[in-house]
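Inside the fold
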Amino acid sequence: MQSWACDTRDALRRKMANSAKPASRTALRGYVFLCVVWLTVGAAKGQTPQKLDCKKAGPCTCNSANGVIDLTPLANSDNTPRFKDVPGGGDSFSWNPCNPFDEGSGCAKVSACQNHEGSAQYAIGTQDSAEFILDQTRGLELHYKATADSVTRESFVQLICDMGTEGSLTAKGEDPAGSAQYYMTLTSKYACPGVSGGGISAGSVLLIIFFSLVVVYILAGMAVMKFGKGAAGRELIPNYSFWKGLPFLIRDGIMFVVGGCKPKKGYDSI
């Protein structure tokens, strides 16, 4: 009888221990999935407003702690705007960084011009008024202003860093209506610190360090596996079983998160 009781207790302990394993594996898979999500969000970081102070060095350049932002490569120098007649809010807008341009009868030597309903042009900024400002919502912006007929109009160009884009401008138009304040957004690699100024941005440094560590990890790991453990073929890959199972971990992690982060029961109720 005593032997039977001991066996029963041992069996229960084994079942309880085994029941924790699926939950632990599921939790690990969830963590792996969340890490992948975090890395994906980090990759898209460039699409968010830049929360950094940048001190003006010229009409289209500024110095920040992360490097120089220089929009010169985007600038036309032939008295025309680089970005012309961009629609927004029922009007269209033209903008050129660094150098002034002329457009229609209402915009002479301007940095930004409003084409109102296709019938009249209004200066909404000059190059000598350019300043870099940090808005709490829109992040880093180029701010311009111009006064004509006793009306001061202002334009704001939000600077979005995107290493995959040469230069793209969108316009929101006047906001709010009647405020004489006009908003545009520039998405460009030249809006990233360090790209045009010859320096290396903090993000670039981190990427260089990351990939360097990956290379060292692979080469050093393969050397240890070959000369230390006598491995050959695919077994030379460090932690091969982990990398082989990673796609399944990600899949199970997705199912774990979608399922409300509830682990599956390891065994049926006794």
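Right, let's walk through the structure included here. Every value quoted in this text rests on a predicted model; they were computed, and no experiment measured them.

This part takes up the side chain of aspartate 91. You can see aspartate 91 is positioned in strand 5 (residues 91-95). One buried charged side chain, aspartate 91, makes no salt bridge at all; its nearest oppositely charged neighbour is arginine 153, positioned 8.8 Å away. Beyond its immediate chain neighbours, meaning those up to four positions away, aspartate 91 contacts Val86, Gln114, Asn115, His116 and Glu117.

Ring pairs (aromatic) are described by centroid distance and by the angle formed between their planes. Applying the stated criterion across every chain yields a total of 5 aromatic pairs. Their ring planes at 10° and their centres at 4.9 Å tell us that phenylalanine 156 and tyrosine 183 sit as a pair that is stacked. Here phenylalanine 156, found in strand 12 (residues 151-161), pairs with tyrosine 183, found in strand 14 (residues 181-188); they are 27 residues apart in sequence, far enough to count as distant. Summarising the burial analysis for this pair, phenylalanine 156 and tyrosine 183 share the class buried. Judged by centre distance (5.0 Å) and plane angle (75°), the rings of phenylalanine 242 and tryptophan 243 are edge-to-face. You can call phenylalanine 242 partly exposed: its relative accessible area is 37%. One residue, lysine 226, lies across the ring of phenylalanine 227, its end atom 5.9 Å from the ring centre.

This part is about the state of the cysteines. Scanning the entire structure with this criterion turns up 4 disulfides. The side chain of cysteine 54 participates in a disulfide bridge whose partner is cysteine 62; the two sulfur atoms lie 1.9 Å from each other. Its torsion about the S-S bond being 90°, the disulfide of cysteine 54 and cysteine 62 is classed as right-handed. Across the pair, cysteine 62 and cysteine 54 agree in class, each one buried. Through a disulfide, cysteine 60 is tied to cysteine 98; the S-S separation comes to 2.0 Å. Taking the sign of the S-S torsion, 100° for the link of cysteine 60 and cysteine 98, the bridge is right-handed. One end of the pair, cysteine 60, is in the loop between strand 1 (54-58) and strand 2 (61-64); the other, cysteine 98, is in the loop between strand 5 and strand 6 (101-103), with 38 residues separating them in the sequence. With respect to burial, cysteine 60 and cysteine 98 carry one shared label: buried.

A few words on the sheet that holds strand 10 (residues 131-135). Pairing in this open sheet of 5 strands is mixed, and the strands run 10-11-12-14-13 from one edge to the other. The strands lining the two open edges of the sheet, one partner per strand, are strand 10 and strand 13 (168-174). Across the sheet, the axes of successive neighbouring strands diverge by a mean angle of 30°, strand direction being ignored. In this sheet, strand 11 (residues 139-148) lies alongside strand 10 in antiparallel orientation, the contact comprising 5 bridges. Looking at the pairing, phenylalanine 132 lines up with leucine 142 of strand 11.

Along an α-helix, residues three or four positions apart point the same way, because every turn accommodates 3.6 residues. End to end, helix 3 (residues 240-258) covers 28 Å across 19 residues, agreeing with the expected 27 Å (1.5 Å per residue, within 8%). Of all the bends in helix 3, the greatest reaches close to 45° and is centred on leucine 246; the proline proline 247 follows between one and four positions later. Here helix 3 has its buried residues at Tyr240, Leu246, Leu249, Asp252, Gly253 and Phe256.

Take asparagine 96: it is sitting in the loop between strand 5 and strand 6. Looking at asparagine 96, the relative accessible area reads 0%, which means it is buried. Polar side-chain contacts of asparagine 96 include one of 3.0 Å to the backbone nitrogen of arginine 82. When residues no more than four places from it in sequence are discounted, the contact partners of asparagine 96 are Leu74, Ala75, Asn76, Thr80, Pro81, Arg82, Phe101, Ser111 and Gln127.

Attention shifts here to the pairing of strand 5. Judged by how many residues are buried, strand 5 sits mostly within the fold: 5 of 5 residues are covered. Neither face of strand 5 is open: one carries Asp91, Phe93 and Trp95, the other Ser92 and Ser94, and all of them are buried. Sheet analysis places strand 4 (residues 83-88) next to strand 5, joined by 4 bridges and oriented antiparallel. Residue pairing across strands places proline 87 opposite serine 92, the latter belonging to strand 5. Connecting strand 4 to the antiparallel partner strand 5 that follows it, the hairpin turn spans 2 residues, and glycine 89 within it adopts a positive phi of roughly 65°. For strand 5 and strand 8 (residues 112-116), the ladder comprises 4 bridges, and the chain directions are antiparallel.

Each value, and the rule that gives it
Residues numbered from 1 in each chain as written. Predicted model: local features only at pLDDT ≥ 70, side-chain atom pairs only at ≥ 80, totals over all residues. Heavy atoms only, no water. Helix = DSSP H or I, 4+ residues; strand = E, 2+ residues; numbered from the N terminus. Buried < 20%, exposed > 50% of the residue type's maximum accessible area, 1.4 Å probe, protein only. Lys, Arg positive; Asp, Glu negative; His and termini not counted. Salt bridge = Lys/Arg side-chain N within 4 Å of Asp/Glu carboxyl O. Contact = heavy atoms within 4.5 Å. Phe/Tyr/Trp six-rings, centres within 6.5 Å; stacked < 30°, edge-to-face > 60°. Lys NZ or Arg CZ within 6 Å of the ring centre and 35° of its normal. Disulfide = S-S within 2.5 Å. Pairing = 2+ DSSP bridges. Axes fitted to C-alpha atoms, helices over the stretch in contact; angles between N-to-C directions. Expected span 1.5 Å × (residues − 1). Bend = angle between axes of the 7 residues up to and from the residue. Polar contact = N/O pair within 3.5 Å; in protein donor to acceptor, adjacent residues only side chain to side chain.

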